Amino acid sequence: MRALHIASTGMMAQERNVEVTSNNIANMRTTGYKKQRAEFQDLLYQDLRRAGSSTSAQGTQVPVGVQIGSGVRLAATSRVMSQGELENTEKDLDVAIRGEGYFQVSLPDGRTAYTRDGSFEMDSDGRLVTADGYEVLPGITFPDDTSDITISSDGEVQVTQSNSTTTNTLGQFTLARFINKAGLEPMGDNLFLETGASGAPQVAVPNDDGYGNLLQGYLESANVNSVTEISDLIAAQRAYEMNSRVIQAADDMLSATSQLS
């Protein structure tokens, strides 16, 4: 019976839906995380009676045909790239982006990754790095006697050194933008990679036209709404249960048919 296969595709689709939702909930406290959304498409249809087919020699046509679907499939897990809330951390090397853009990170294999996670640190050489020790581009190195760090909204990094009242400019943050930021490939560790779907990065300094600005001492929270995710989880569970009942009903019908025969 075709209903068994159709309902099974629905159960598999809702299983994937629950997996996406559970990942969103698991990352509610992940800095800069962008939630995902499962998107579905119906499968091919079998025409038992095609719409528009002729029903008489006088040219009358069938206004509505008879099509039987074959189920559903997961088409995409798109990412919602909206701004997350900003949380005050009072840490000098924490930087949040307000608006469009990504920090650029140099990976050990030479590739460039992109992130909204601005929880930076200073390594043993004084370089600005991520929590995994990857250098933040375009590269900023702090002197050994740095006593005060200031990061302006347009990304300029200034420091005051010990036994000095003079402020020195060390470097400048830049941000990367993408035509299709939802097309970036997540690689874990709060990092994304450029893909053919995302387009090439467009790099400029913060506050440029179309680019966001920076806020020192803050971090961007995940854009996950707990109420929405729990609601989606319940809806997926109900849809899964309904599909399982269809399978049970189809099995009962098959059993009744076999007993009659």
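In what follows, the structure referred to is the one given above.
This text gives an overview of the structure that appears in the document. (Residues numbered from 1 in each chain as written. Predicted model: local features only at pLDDT ≥ 70, side-chain atom pairs only at ≥ 80, totals over all residues. Heavy atoms only, no water.)

## Examining the overall build of the chain
We count it as follows: Here a strand is any run of E in DSSP of at least two residues, a helix any run of H or I of at least four, and the numbering for each starts at the N terminus. The quantity called the radius of gyration is restricted to C-alpha atoms. Its globule counterpart is 2.2 Å times the number of residues to the power 0.38. Burial here depends on accessible area, computed with a 1.4 Å probe over protein chains only, as a share of the maximum for the residue type. Under 20% is buried, over 50% is exposed, and the range in between is partly exposed. Contacts between residues were defined by any pair of non-hydrogen atoms, one from each residue, lying within 4.5 Å. Under the convention used here, Asp and Glu are negative, Lys and Arg are positive, and both His and the chain ends fall outside the count. The atom standing in for a charge is NZ when the residue is Lys, CZ when it is Arg, CG when it is Asp and CD when it is Glu.
Looking only at helices and strands, the chain has two helices and 20 strands in total. Compactness check: the chain gives a C-alpha radius of gyration of 27 Å against a globular reference of 18 Å for 261 residues, more than 25% above the reference. Seen through its C-alpha atoms, the chain measures out along the principal axes to roughly 95 × 45 × 35 Å. Taking all 261 residues of the chain together, 33% fall into the buried category. Excluding contacts between residues fewer than 6 apart, the proportion of contacts in the chain whose partners are at least 24 apart in sequence is 62%. Taking the 19 positively charged and 34 negatively charged side chains of the chain as two groups, their mean positions are separated by 13 Å.

## Quick word on unusual backbone geometry
The step from Leu 137 to Pro 138 runs through a cis peptide bond, and the omega angle for that step is 10°. Here Glu 90, not a glycine, exhibits a phi torsion of approximately 60°, which is positive. Locating Glu 90 in the fold gives a position in the loop between strand S5 (86-88) and strand S6 (95-98). One non-glycine residue, Asn 207, lies in positive phi territory at about 75°. Judged by its relative accessible area of 41%, Asn 207 is partly exposed.

## Overview of helix H1 (residues 2-26)
Every α-helix carries 3.6 residues per turn, so stepping three or four residues along brings you back to the same face. Note the cut-off: Here the expected length of a helix is defined as 1.5 Å per residue gap, with one fewer gap than residues.
In this model, H1 (25 residues) spans 37 Å end to end at C-alpha, consistent with the 36 Å of a helix rising 1.5 Å per residue. The set of residues buried in H1 consists of Ala 7, Thr 9, Gly 10, Met 11, Ala 13, Gln 14, Asn 17, Val 20, Thr 21 and Asn 24.

## Points about the nonpolar core
This is how the line gets drawn: Residues belong to one nonpolar core when they are buried, are Ala, Val, Leu, Ile, Met, Phe, Trp, Tyr or Cys, and are joined through side-chain atoms within 4.5 Å.
Phe 103, Leu 128, Phe 142, Phe 173 and Leu 214 are the most contacted members of the largest nonpolar core, which totals 18 residues. Taken together, the elements giving at least two residues each to this core come down to S6, strand S12 (146-151) and strand S13 (156-161). In contact with Phe 142, other than residues within four places in its own chain, are Leu 93, Met 122, Gly 126, Leu 128, Ile 149, Val 157, Val 159 and Leu 170. Residues Met 81, Tyr 102, Tyr 114 and Ala 176 belong to the second largest nonpolar core, which totals seven residues.

## Quick notes on the sheet that holds S12
Applicable threshold: Criterion used throughout: strands pair if DSSP finds at least two bridges between them. Fitted lines through C-alpha atoms serve as axes, helices being fitted only where they are in contact, and the angles separating the N-to-C directions of these axes extend from 0 to 180 degrees.
One open sheet holds the three strands; their spatial order is S12-S13-S14, and the pairing between them is antiparallel. Since the sheet does not close on itself, it has two edges, and those belong to S12 and strand S14 (167-172), each with one partner. Going from strand to strand, the sheet's axes swing by 25° on average, the running direction of each strand aside. Across five bridges, S13 lies against S14 in antiparallel orientation. Residue pairing for S14: Thr 160 is matched across the bridge by Thr 167.

## Some thoughts on the side chain of Gln 36
Tracing the chain through its elements places Gln 36 in strand S1 (residues 36-42). Residue classification places Gln 36 among the buried residues on the basis of a relative accessible area of 17%. Not counting residues within four places of it along the chain, the set of residues in contact with Gln 36 comprises Val 20, Asn 23, Asn 24, Thr 77, Ser 78 and Arg 79.

## Quick notes on the packing of H1 against helix H2 (residues 226-260)
What counts here: For classification, angles of less than 35 degrees are called roughly parallel, those exceeding 145 degrees roughly antiparallel, those between 65 and 115 degrees roughly perpendicular, and all remaining angles oblique. Note on convention: the crossing is left-handed when the near helix lies turned anticlockwise from the far helix by less than a right angle, right-handed when the turn is clockwise. When residues are grouped by polarity, Ala, Val, Leu, Ile, Met, Phe, Trp, Tyr, Cys and Pro land in nonpolar, Asp, Glu, Lys and Arg in charged, and all others, Gly among them, in polar.
Here H1 crosses H2 at 160°, and the two axes come no closer than 9 Å. Here H2 runs roughly antiparallel to H1, going by the angle between their axes. The two elements H1 and H2 cross, and the hand of that crossing is left-handed. Classifying every residue of the contact of H1 with H2 by side-chain character gives 15 nonpolar, eight polar and four charged.

## What to know about the environment of Ala 3
For Ala 3, the position within the fold is in helix H1. With 68 residues separating them in the primary sequence, Ala 3 and Gly 71 have C-alpha atoms 8.9 Å apart. Apart from residues lying up to four places away in sequence, Ala 3 is in contact with Val 246 and Ala 250.

## A short note on H2
What counts is decided by this rule: By the criterion applied in these results, polar contacts are pairs of N or O atoms within 3.5 Å in which, for protein atoms, one can donate a hydrogen and the other can accept it, and in which residues neighboring in sequence qualify only through two side-chain atoms.
Taking 1.5 Å of rise per residue, 35 residues should cover 51 Å, and H2 covers 51 Å from first to last C-alpha, within 8% of that figure. The inward-facing, buried residues of H2 abut H1. The residue sitting at the N-terminus of H2 and contributing the capping side-chain oxygen is Asn 225; that oxygen lies 3.0 Å from the backbone nitrogen of Val 227.

## A closer look at the environment of Gly 69
Inspection of the secondary structure assignment puts Gly 69 in strand S3 (residues 66-69). Residues Gly 69 and Leu 44, spaced 25 residues apart in sequence, show a C-alpha to C-alpha distance of 6.1 Å. Beyond its immediate sequence surroundings of up to four residues, Gly 69 is in contact with Arg 2, Ile 6, Leu 44 and Tyr 45.

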